[in-house]
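Report on the structure
Letter by letter, the chains look like this.
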Amino acid sequence: MADRIAQTVVRAYLEPDVEPIFHPDSYGYRPGRSVLDAVGTCRQRCWKFDWVIDLDLRAFFDSIDHDLLLRAVSKHTDLRWVLLYVQRWLVAPLQREDGTIVARDRGTPQGSSISPLLANLFLHYAFDRWMAREFPSVPFERYADDAVAHCATEAQARQVLDAIAERMAEVGLELHPGKTRIVYCKDADRTGSYEHERFDFLGYTFRPRLSKSKHGHHFVNFSPAVIDDAKKAIGREIRSWRISRRSDKSLADLARMYNPIVQGWINFYGRFYKSMLFQVLRRLNDRLVRWAMRKYKRLDGHYTRTARWLASVARRAPTLFAHWRVGVLPDGWTVGAG
């Protein structure tokens, strides 16, 4: 507890000095910036640039060079006690679950209140400022150690990737060879093909998708949507609720129980290409139909009739459930009908 208080105090001293110098495309753990801001900027740039470098740093938080990090901190404070505390936290040994003690000569303690700021400060000098100096025409988005860079041509992407790999080696980091890749942002106007035409970034998968213009025309667009792993996790969570067995609850009870969770999914994964998230949320309606079949004897064994009943409820109370509010309605009624 004492360490956490001290880390919060040090962060309060450092953050006002370092925050103004951070790169505008550094999004992680910064005031007024979010994951969705980074995803939205990345989407816009994928439409403008044909190629993306999907960067993955191997074991970043365990690999940060202590000397380089302390040099970065010393650029922004002359308070000896701040430097002393940061140094102590960096070299403090790690205790494993079995009680063994592991000495540390690199890396930052994860989970502490100061760790995100120290990581951003390290990468500001190791990556952000270096990219702005060496490749000013190559925009990027970085959230902590997760980053993508945008290039106009494949040749430029290869050149930049090689340079980034060398730069990371200079500062004691390494690009993961199996996860770092060059990606072609294929869409209706970009013909041809490439080995990699999709990448994952901050919970979203970017790939070619069928989209609809404001004039009603369909076209292929390179866009982000909820990542497959998140869809599977949401599906598991919905199954774990065992809604059909909660016949002691009313629909209003179920809405109060689950709306906060569902609304969180909608707020995060429903920002871009929301139809992919809606495919998963439709399972909730199926669970509600099965709940009604068990709760009401007159509906027992009649799935179609129960679905129509649930649709009539949604017609009368379209804001009852969070997913109904955004148009994920039971079969038999859709937004704009009747």
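This text follows the structure it describes.
Keep in mind it's a predicted model, so treat the numbers as computed, not measured.

Right, let's get into a positive patch on the surface. Taken together, K232, R236, R239 and R283 make up a surface patch of like positive charges. With 3 residues, helix 8 (residues 228-240) is the largest single contributor of residues to the positive patch. Turning to its location among the elements, R236 is positioned in helix 8.

When you line up the elements, N285 lands in helix 10 (residues 275-295). On the basis of relative accessibility, which here comes to 6%, the residue N285 falls in the buried class. Each residue touching N285, except ones within four places of it in the same chain, is listed here: L310, H323, W324, V328, L329 and P330.

With that settled, the discussion passes to the pattern of salt bridges. Evaluation of the coordinates by the stated rule reveals 15 salt bridges. Salt-bridge contacts for R45 lead to E141; the nearest nitrogen and oxygen are separated by 2.7 Å. Of this pair, R45 sits in helix 2 (residues 35-48) while E141 sits in strand 4 (residues 140-143); the two residues are 96 residues apart in sequence, bridging distant segments of the chain. This pair shows no difference in class: R45 is buried, exactly as E141 is. In this structure, K231 engages D228 in a salt bridge whose closest nitrogen and oxygen atoms are separated by 3.5 Å. Here D228 and K231 lie together in helix 8, a separation of 3 residues that amounts to about one turn. Taking the relative accessible area as the measure of exposure, K231 reaches 15% and is therefore buried. Shared partners join several salt bridges into a network, and the residues in it are D25, R45 and E141.

For residues besides glycine, phi is generally negative; the peptide bonds are generally trans as well. Here Y29, not a glycine, exhibits a phi torsion of approximately 55°, which is positive. Classification of Y29 as partly exposed rests on a relative accessible area of 48%. With phi around 55°, A144 is a residue other than glycine that occupies positive phi space. You can see A144 is positioned in the loop between strand 4 and strand 5 (146-151).

What follows is about the packing of helix 4 (residues 66-74) against helix 5 (residues 80-91). Contact pair helix 4 / helix 5: the axes reach a minimum separation of 11 Å and the direction vectors enclose 160°. Considering their axes alone, helix 4 and helix 5 lie roughly antiparallel with respect to each other. As for how helix 4 packs across helix 5, the hand of that crossing is right-handed. Contacts between helix 4 and helix 5 involve H66, L69, L70, V73 and S74 from the former and L83, V86, Q87, L90 and V91 from the latter. Among the residues forming the contact of helix 4 with helix 5, the class breakdown is 7 nonpolar, 3 polar and no charged.

Working definition: the strands of a sheet are paired by backbone hydrogen bonds and lie parallel or antiparallel to each other. A sheet is described by the order of its strands in space; here 4 strands give the open sequence 4-5-1-6, paired in antiparallel fashion. Edge strands, defined here as strands with exactly one partner in the open sheet, are strand 4 and strand 6 (181-184). Direction aside, neighbouring strands of the sheet carry axes that sit 20° apart on average. Sheet analysis places strand 1 (residues 51-56) next to strand 5, joined by 6 bridges and oriented antiparallel. When the sheet's bridge partners are listed, W51 is paired in strand 5 with C151. Helix-sheet contacts for helix 2 involve strand 1, strand 4 and strand 5, and the interaxial angle to strand 4 is about 160°. On top of the sheet, helix 6 (residues 115-134) reaches strand 1, strand 4 and strand 5; it is set at about 175° to strand 4, its chief contact.

Definitions and cut-offs
- Residues numbered from 1 in each chain as written.
- Predicted model: local features only at pLDDT ≥ 70, side-chain atom pairs only at ≥ 80, totals over all residues.
- Heavy atoms only, no water.
- Patch = residues over 30% accessible without salt bridge, like charges linked within 9 Å, V, L, I, M, F, W, Y side chains within 5 Å.
- Areas by Shrake-Rupley, 256 points an atom, 1.4 Å probe, with all protein chains shown as cover.
- Salt bridge = Lys/Arg side-chain N within 4 Å of Asp/Glu carboxyl O.
- Lys, Arg positive; Asp, Glu negative; His and termini not counted.
- Charge placed at Lys NZ, Arg CZ, Asp CG, Glu CD.
- Helix = DSSP H or I, 4+ residues; strand = E, 2+ residues; numbered from the N terminus.
- Buried < 20%, exposed > 50% of the residue type's maximum accessible area, 1.4 Å probe, protein only.
- Contact = heavy atoms within 4.5 Å.
- Axes fitted to C-alpha atoms, helices over the stretch in contact; angles between N-to-C directions.
- Parallel < 35°, antiparallel > 145°, perpendicular 65-115°, else oblique.
- Left-handed = near helix turned anticlockwise from the far one by under 90°.
- Nonpolar A, V, L, I, M, F, W, Y, C, P; charged D, E, K, R; others polar.
- Pairing = 2+ DSSP bridges.

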